[in-house]
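Examining the three-dimensional arrangement
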Amino acid sequence: MMLATVIGSYPLRYDQLGKDAILQSVQDQLNAGVDLVTDGQTRYDMIEYFARIIEGYTFDTKSYIKGKIGKGIPDLLLEDLETAKGLTPRVKGIVTGPVTLVFSSKIKGFYQGYHDESVYIDTAGALLDIALAMERQGAEWIQIDEPYLSVGAPMEIAKKAIESIAVNIKVPVALHVCGKVASVIDTLLDLKGVTHLSILQNTRLMSTGKTLGLGCVDTKKSRIEDVKEIRDLIQTALKSLPPERLVIHPDCGLRSLDRKTAFNKLKNMVIASRLALPQ
Amino acid sequence: MEIGDKKVGAVDILYLSGRLDAYAANDVEKKLIAATEKTPVCLIISMEKLEYISSSGLRVLLASLKKARKQQGDIRLACLQPYVKEVFDVAGFTQLFKVFEQENEAVNSFKGV
């Protein structure tokens, strides 16, 4: 059976529901049949979470880097992870990748700017603190979200920064990259420490031993894909990879959908993944 | 995010203000799809008041540029804030797009197209 997971966010808000936002997000995922859940990233967006908990970063309507980047303080994420683990032991820990975090922040001090490699490496160091803490807390996987990699990130620096996190994690490490990855796929396939790639497909993937995360429902559109079309997509992927090297999930976070739509997309995705394999 | 537009002769100008994040990217994408329907595309995106652009925003711009050039047109950028300009430099976007400091320079660059 293929593992079903989500990328990260779920359309419920902590500022409106408190801990119930996490509990209901997790329960919805479980009810839909998702195996490996997230806490729903209900408090903030992917930038604000980390801009608030990394020394040197500040958040004031937007993210700034104002001083030397120091430690990552994981308390808030651990609290939410623990809340999620109250409903299931199978929870994924997520960190926003160093390139995406730096590109989304205004550099106001200490570093020379976006060409300065040390800003990415220091950010990766703080993210490693957070990832290790989530691993100790029982996260089954760590996922690194790097959507900027498909739109022109400095790949040599990105490789160094991502690997500095991934090689130090013992649990499986997934890398989530949205968009068209053809121009960077070779670099992604060679990343040390990354065991799972959340991208579409590539022939060289076969020989790397990495697992492919298949984004099989569209999180930008409210239309709910029917089971047959999702099953057909999964079966196309199964022509290239065995089921144990495929993970099924939406193509991105579910934050921009309404709750009912997000749930129904997940439910159809899980049913399709079960029907895709020979009965 | 606010999106405004203006026409100067044959050139369309789109004004983006605020944050081009994942939510706003859908609205900008709709505008860009409409703007790139006609041929030839002569479009300027003015970014003087654009404070932030996410990867989704960059993706939308890239897709529209590709579409415009396929139709023998172009999308050019003007008035980038220093933060956005530096991210564009590092990401290689300033090699893909023609970038102008002033809006009128961008408009003039379309003369003869």
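Details of the structure are given in the entry above.
Below, the structure is looked at part by part.

The rules we used
Residues numbered from 1 in each chain as written. Chains lettered and ligands numbered in written order. Predicted model: local features only at pLDDT ≥ 70, side-chain atom pairs only at ≥ 80, totals over all residues. Heavy atoms only, no water. Contact = heavy atoms within 4.5 Å. Buried area = accessible area lost by both parts, 1.4 Å probe. Salt bridge = Lys/Arg side-chain N within 4 Å of Asp/Glu carboxyl O. Polar contact = N/O pair within 3.5 Å; in protein donor to acceptor, adjacent residues only side chain to side chain. Nonpolar A, V, L, I, M, F, W, Y, C, P; charged D, E, K, R; others polar. Helix = DSSP H or I, 4+ residues; strand = E, 2+ residues; numbered from the N terminus. Expected span 1.5 Å × (residues − 1). Buried < 20%, exposed > 50% of the residue type's maximum accessible area, 1.4 Å probe, protein only. Pairing = 2+ DSSP bridges. Axes fitted to C-alpha atoms, helices over the stretch in contact; angles between N-to-C directions.

As for the interface of chain A and chain B
Each partner contributes to the interface: chain A provides 25 residues, whereas chain B provides 21 residues. Together, the buried faces of chain A and chain B total about 1800 Å²; carbon and sulfur atoms form 57% of this surface. Area buried by chain A at its contact with chain B is led by Tyr 114, Tyr 148 and Val 151 of chain A, which between them contribute 31% of it. One can count one salt bridge joining chain A with chain B. A salt bridge links Lys 62 of chain A to Glu 51 of chain B; the shortest N-O distance between them is 3.2 Å. At the boundary of chain A and chain B, one finds nine residue pairs in polar contact (both at pLDDT 80 or more). Broken down by class, the residue content of the side of chain A that touches chain B amounts to nine nonpolar, ten polar and six charged.

Considering helix α6 (residues 117–136) of chain A
Taking 1.5 Å of rise per residue, the 20 residues of α6 of chain A would be expected to cover 28 Å, and the 29 Å separating its terminal C-alpha atoms lies within 8% of that figure. Gly 138 of chain A lies just past α6 of chain A and shows a positive phi near 105 degrees.

Focus on the pairing of strand β4 (residues 92–96) of chain A
Residues and elements named next belong to chain A. The element β4 is largely enclosed, with a buried count of five among its five residues. Burial of the side chains of β4 extends over both faces: Lys 92, Ile 94 and Thr 96 are buried on one face and Gly 93 and Val 95 on the other. When β4 meets strand β6 (residues 141–145), the two strands line up parallel, connected through five bridges. Residue pairing for β6: Val 95 is matched across the bridge by Ile 144.

Observations regarding the sheet that holds strand β5 (residues 105–107) of chain A
Residue and element names in this part refer to chain A. Read across the open sheet, the three strands follow the order β2-β3-β5; overall the sheet is mixed. Sheet topology places β2 (57–59) and β5 at the edges, where each strand pairs with a single neighbour. This sheet shows a mean twist of 30 degrees between the axes of neighbouring strands, independent of strand direction. Across three bridges, strand β3 (residues 63–65) lies against β5 in parallel orientation. What sits directly across from Ser 63, in β5, is Ser 105.

Some thoughts on the environment of Pro 82 of chain B
Positionally, Pro 82 of chain B belongs in helix α3 (residues 82–91). Considering only alpha carbons, one finds Pro 82 of chain B and Met 47 of chain B, 35 residues apart in sequence, at a separation of 11 Å.

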